[in-house]
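Per-entry structural report
Spelled out, the chains give:
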Amino acid sequence: MAYIKTKELSSGAASRIVCWRAGGGRAGAWCNETFDDPDPAERFRDLVNGHGRQWPPGWIKGRGFVKPDEPAVPDAEMFAVYAHAYVGLLTDISDHTRTNCTRFIDDHLGCVSEVDLDVPRSTSWDGMI
């Protein structure tokens, strides 16, 4: 079982240390995480106990749950690149129509990105139109 030790700091404030043995057995290595407030320490202790006396998935020691940096969107996934590829694949259209479509994409859609649309990358476009 994970437990909380309270330690008095030289400044007079109290620090809470959540302690446990990895896996819950005697052979497990000692693990700990330090908190300033009792509520987060109790929540973390419950998370550790709930995950079989292991570090909760996604927890980084000393930092907590940190949102991973999202990788930059490759150019091939940008809408303008996709639109140009689509126009290039169209058959049975005149060169004038292809030029007009390409010009329209460059003039009006070239700077549109998912940030401009405020839509997360994982959102499906189905049902949004």
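Calculation rules
Residues numbered from 1 in each chain as written. Predicted model: local features only at pLDDT ≥ 70, side-chain atom pairs only at ≥ 80, totals over all residues. Heavy atoms only, no water. Helix = DSSP H or I, 4+ residues; strand = E, 2+ residues; numbered from the N terminus. Buried < 20%, exposed > 50% of the residue type's maximum accessible area, 1.4 Å probe, protein only. Areas by Shrake-Rupley, 256 points an atom, 1.4 Å probe, with all protein chains shown as cover. Pairing = 2+ DSSP bridges. Axes fitted to C-alpha atoms, helices over the stretch in contact; angles between N-to-C directions. Contact = heavy atoms within 4.5 Å. pLDDT = per-residue confidence, 0-100. Lys, Arg positive; Asp, Glu negative; His and termini not counted. Salt bridge = Lys/Arg side-chain N within 4 Å of Asp/Glu carboxyl O. Patch = residues over 30% accessible without salt bridge, like charges linked within 9 Å, V, L, I, M, F, W, Y side chains within 5 Å.

Here's the deal with the overall build of the chain
For the chain, the helix and strand inventory stands at four helices and five strands. Beginning at the N terminus, the succession of helices and strands in the chain can be written as β-β-β-α-β-β-α-α-α. Each of the 129 residues in the chain was classed as buried or not, and the buried ones make up 19%. Total accessible area computed for the chain in this model is approximately 9,700 Å², and 55% of it derives from carbon and sulfur atoms.

Describing the sheet that holds strand E1 (residues 3-8)
The strand order across the open sheet formed by three strands is E1-E2-E3, and the pairing between neighbours is antiparallel. Among the strands making up the open sheet, the edge pair consists of E1 and strand E3 (30-35). On average, each strand axis in the sheet is inclined to that of its neighbour by 30°, with strand direction left out of account. Of the strand pairs in this sheet, strand E2 (residues 14-21) and E3 are connected by six bridges, and their pairing is antiparallel. Each residue of the ladder has a partner; that of Cys19, found in E3, is Asn32. The strands touched by helix H1 (residues 38-50) are E1, E2 and E3; relative to E2, the strand with the most contacts, the crossing angle is about 5°.

Some thoughts on the confidence of the model for the chain
Mean pLDDT over the chain works out to 82, with 83% of the residues at or above the 70 mark. Across residues 112-125, where pLDDT falls below 50, the model places 15 contacts with residues more than four positions away in sequence or in other chains.

What about the side chain of Glu33?
Tracing the chain through its elements places Glu33 in strand E3. Comment: no salt bridge for buried Glu33; closest opposite-charge side chain is Lys61, at 4.2 Å. Apart from residues no more than four positions distant in its own chain, Glu33 is found in contact with Arg16, Ile17, Val18, Trp20, Phe44, Trp55, Trp59, Ile60, Lys61 and Gly62.

Details of a nonpolar patch on the surface
A cluster of nonpolar side chains, Phe79, Tyr82 and Tyr86, forms an exposed patch at the surface whose accessible area comes to about 370 Å². Inspection of the secondary structure puts Tyr86 in helix H2 (residues 79-89).

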